[in-house]
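What follows is each chain in one-letter form.
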Amino acid sequence: MKKKIWTKDELLLAFNLYCKLPFNKIDSRNTAVIELSSIIDRTPSAVALKLVNFARFDPVLKDRNISGMIHGSKAEEEIWAEFHGDWDKSAYKSEKLLAEMKNESIEELAQMDLNSLPIEGREREAVVKTRVNQNFFRSVVLSSYGFKCCITGIQLPELLVASHIVPWSIDKKSRMDPANGVCLNLLHDKAFDRGLITITTEYKIRLSKLVVKSMEQKVQEKFFLPYEGVLIHMPHRFLPNRTYLKYHNEKIFRN
């Protein structure tokens, strides 16, 4: 029996899931894999294999000698390039497609409070797109770090933030790039955002002198000083871009 060729829409949805699912959770028995297989009418094994195939383009996974089939399809490469060329557009496109395939509105998929949205028009569309993409970015970054703070190792999702390295408001092109995000707990996210801590281009934590000078010794010792110069918990994919880290070191970090 001839294999059914994957359509672009199917590949969009597959890559969407690839981004959200921790790599070690990609398995034909995973509920998210099973759900997508049902949506696109393919076997869970076929979906899992397609997700693994995207790994061959990921430099972080390559460094760990993890890859999919060597001779994957050209279409997979095109989807990878499409997302990396414009994360903002591609993320929303794939989320909107997923909502349509599930017979849901994009607002329902993103679990938005409808009462908090503008009634209609371009303002509503802009707000919805922003929230959808923010949810996508959070899912991708947190899953890349195994839902673990890259500084402390805290693993409570309620306390974790997908923190932008280059702020959302500064660069539209980079705001949705997972390589512009790190998983932090709420305290260190705030410190990172305010330039009180940074991550060097060698992926080590650096403290501002303001932290050392302005805090009681016990507070420093407990929450900050133990991490000075320590290597972050590295993500399984979407390694922080050194150009973004350099920007944070030079423009945001308060030395």
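Scope of this entry: the structure provided in the associated data block. Think of each chain on its own: its residues are numbered from 1, step by step along the sequence as written. At least 70 in pLDDT is required for a residue's local features to be given in this predicted model, at least 80 for side-chain atom pairs to be given and counted, and no such filter applies to totals for whole chains, interfaces and linings, which use all residues. Hydrogens and water are ignored here; the side-chain numbers use all heavy atoms of the structure.

The next point concerns the nonpolar core. Grouped together as the largest cluster of nonpolar side chains are 68 residues, with contacts concentrated most on F15, Y18 and L51. In DSSP terms, a helix is any run of H or I states spanning at least four residues, a strand is any run of E spanning at least two, and both are numbered starting from the N terminus. Ranked by residues supplied to this core, first place goes to helix α1 (residues 8-20) with eight residues. When neighbours within four sequence positions are excluded, F15 is seen to be in contact with F54, I79, W80, F83, H84 and W87. We call a set of buried residues a nonpolar core when its members are Ala, Val, Leu, Ile, Met, Phe, Trp, Tyr or Cys and they connect through side-chain atoms within 4.5 Å of each other. Burial here depends on accessible area, computed with a 1.4 Å probe over protein chains only, as a share of the maximum for the residue type. Under 20% is buried, over 50% is exposed, and the range in between is partly exposed. Only heavy atoms matter for contacts: two residues are in contact if any of them lie within 4.5 Å across the pair.

You can see H236 is positioned in the loop between α11 (217-223) and α12 (242-252). We classify H236 as partly exposed; its relative accessible area is 31%. For the pair H236 and F23, spaced 213 residues apart in the sequence, the C-alpha separation amounts to 7.2 Å.

For the rest of this paragraph, the subject is the pattern of salt bridges. Salt bridges are defined by distance alone: a side-chain nitrogen of Lys or Arg within 4 Å of a carboxyl oxygen of Asp or Glu. Evaluation of the coordinates by the stated rule reveals eleven salt bridges. Two residues, K93 and E82, come together in a salt bridge whose shortest N-O distance is 3.6 Å. Linking K93 in helix α6 (residues 87-101) with E82 in helix α5 (residues 74-85), this pair joins segments that are eleven residues apart in sequence. Take K93: its relative accessible area is 35%, and that puts it in the partly exposed class. Of the residues examined, E82 reaches a relative accessible area of 23% and is grouped as partly exposed. Residue E250 is joined to K246 by a salt bridge in which the shortest nitrogen-to-oxygen separation is 2.8 Å.

A few words on the pairing of strand β1 (residues 160-164). When you tally the buried positions in β1, you get five out of five residues, the bulk of the element. Judged by which residues are buried, β1 turns out to be covered on both faces: L160, A162 and H164 on one side and V161 and S163 on the other are all buried. Pairing between two strands is assigned when DSSP locates at least 2 bridges connecting them. Taken together, the five bridges between β1 and strand β2 (residues 181-185) define a ladder with antiparallel strand orientation. Looking at β2, one finds that S163 is bridged to V182.

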